[in-house]
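What follows is each chain in one-letter form.
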Amino acid sequence: APRTGLGVYRNGSMVLLQVDGVHDLNYGMDLWEFSELFLRLGVESAINLDGGGSSTSVYNGQVINYPTCSDTKIKCERPVTSIVCAKA
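Worth saying up front: this structure is predicted, and the values here are computed from it rather than measured.

This brings us to the pairing of strand E2 (residues 14-19). Side chains Val 15, Leu 17 and Val 19 of E2 all project onto a buried face; the interleaved residues Met 14, Leu 16 and Gln 18 project onto a face where none is buried. When strand E1 (residues 3-8) meets E2, the two strands line up antiparallel, connected through six bridges. Considered in E2, the bridge of Val 8 is made with Met 14. Turn length for the E1-E2 hairpin, with the two strands adjacent in sequence and antiparallel, is five residues, and the turn residue Gly 12 shows positive phi of about 95 degrees.

Here the focus is the nonpolar core. Of all hydrophobic cores here, the largest spans eight residues; its members are Val 15, Leu 17, Val 19, Met 29, Phe 34, Leu 37, Phe 38 and Val 43. Secondary structure elements with two or more residues in this core: E2 and helix H1 (31-40).

On the surface, a nonpolar cluster with roughly 330 Å² of combined accessible area is contributed by Leu 16, Ile 47, Leu 49 and Val 84. Tracing the sequence through the fold places Ile 47 in strand E3 (residues 45-50).

All right, on to the layout of surface pockets then. Within this model, the largest pocket holds a volume of roughly 740 Å³. Looking at the lining of the largest pocket, the elements that each hand over two or more residues are E2, E3 and strand E4 (58-59). Take the lining of the largest pocket: its biggest share by element is three residues, from E2. A class-by-class count of the residues in the lining of the largest pocket yields 11 nonpolar, nine polar and three charged.

Bringing the sheet that holds E1 into the picture now. For sheets, the rule is that strands pair by backbone hydrogen bonds, running either parallel or antiparallel. The strand order across the open sheet built from three strands is E2-E1-E3, with neighbouring strands paired in antiparallel fashion. Edge strands, defined here as strands with exactly one partner in the open sheet, are E2 and E3. Adjacent strand axes in the sheet meet at a mean angle of 20 degrees when their direction is disregarded. Set on the sheet, H1 makes contact with E1, E2 and E3; between it and E1 the angle comes to about 30 degrees.

Time to look at the pattern of salt bridges. Across all of its chains, the model carries one salt bridge by this definition. A salt bridge links Glu 44 to Arg 10; the shortest N-O distance between them is 3.0 Å. Of this pair, Glu 44 sits in the loop between H1 and E3 while Arg 10 sits in the loop between E1 and E2, and the two are 34 residues apart along the sequence. Overall, the relative accessible area of 48% leaves Glu 44 in the partly exposed class. Accessibility expressed as a relative area gives 72% for Arg 10, which makes it exposed.

Parameters at a glance
- Residues numbered from 1 in each chain as written.
- Predicted model: local features only at pLDDT ≥ 70, side-chain atom pairs only at ≥ 80, totals over all residues.
- Heavy atoms only, no water.
- Buried < 20%, exposed > 50% of the residue type's maximum accessible area, 1.4 Å probe, protein only.
- Helix = DSSP H or I, 4+ residues; strand = E, 2+ residues; numbered from the N terminus.
- Pairing = 2+ DSSP bridges.
- Core = buried A, V, L, I, M, F, W, Y, C linked by side-chain atoms within 4.5 Å.
- Patch = residues over 30% accessible without salt bridge, like charges linked within 9 Å, V, L, I, M, F, W, Y side chains within 5 Å.
- Areas by Shrake-Rupley, 256 points an atom, 1.4 Å probe, with all protein chains shown as cover.
- Salt bridge = Lys/Arg side-chain N within 4 Å of Asp/Glu carboxyl O.
- 1 Å grid on protein atoms, 1.4 Å probe; cavity = no way out; pocket = protein on both sides within 12 Å on 5 of 7 lines; lining within 4 Å.
- Points joined across faces, edges and corners; volume = space filled by probe spheres on them.
- Nonpolar A, V, L, I, M, F, W, Y, C, P; charged D, E, K, R; others polar.
- Axes fitted to C-alpha atoms, helices over the stretch in contact; angles between N-to-C directions.
- Contact = heavy atoms within 4.5 Å.

Printed below as a string of structure tokens:
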């Protein structure tokens, strides 16, 4: 399934992860796999934010991933009430 999560390292720096997927097609990561990814990266604590069409990554005004809805491979962006914004 698609996943978005935020992790914090011991030194206070953060990592924002987004993984594409389609739940019904067994494509992407389940929550266990997603948590294992954070552990492999050495993250001290993390939170799963959401998935599906709300797991949309935008860079310079362009969608850079493949968000899905309704457990199909059809690309769609789902309206959300909150976002995580990172600026370098």
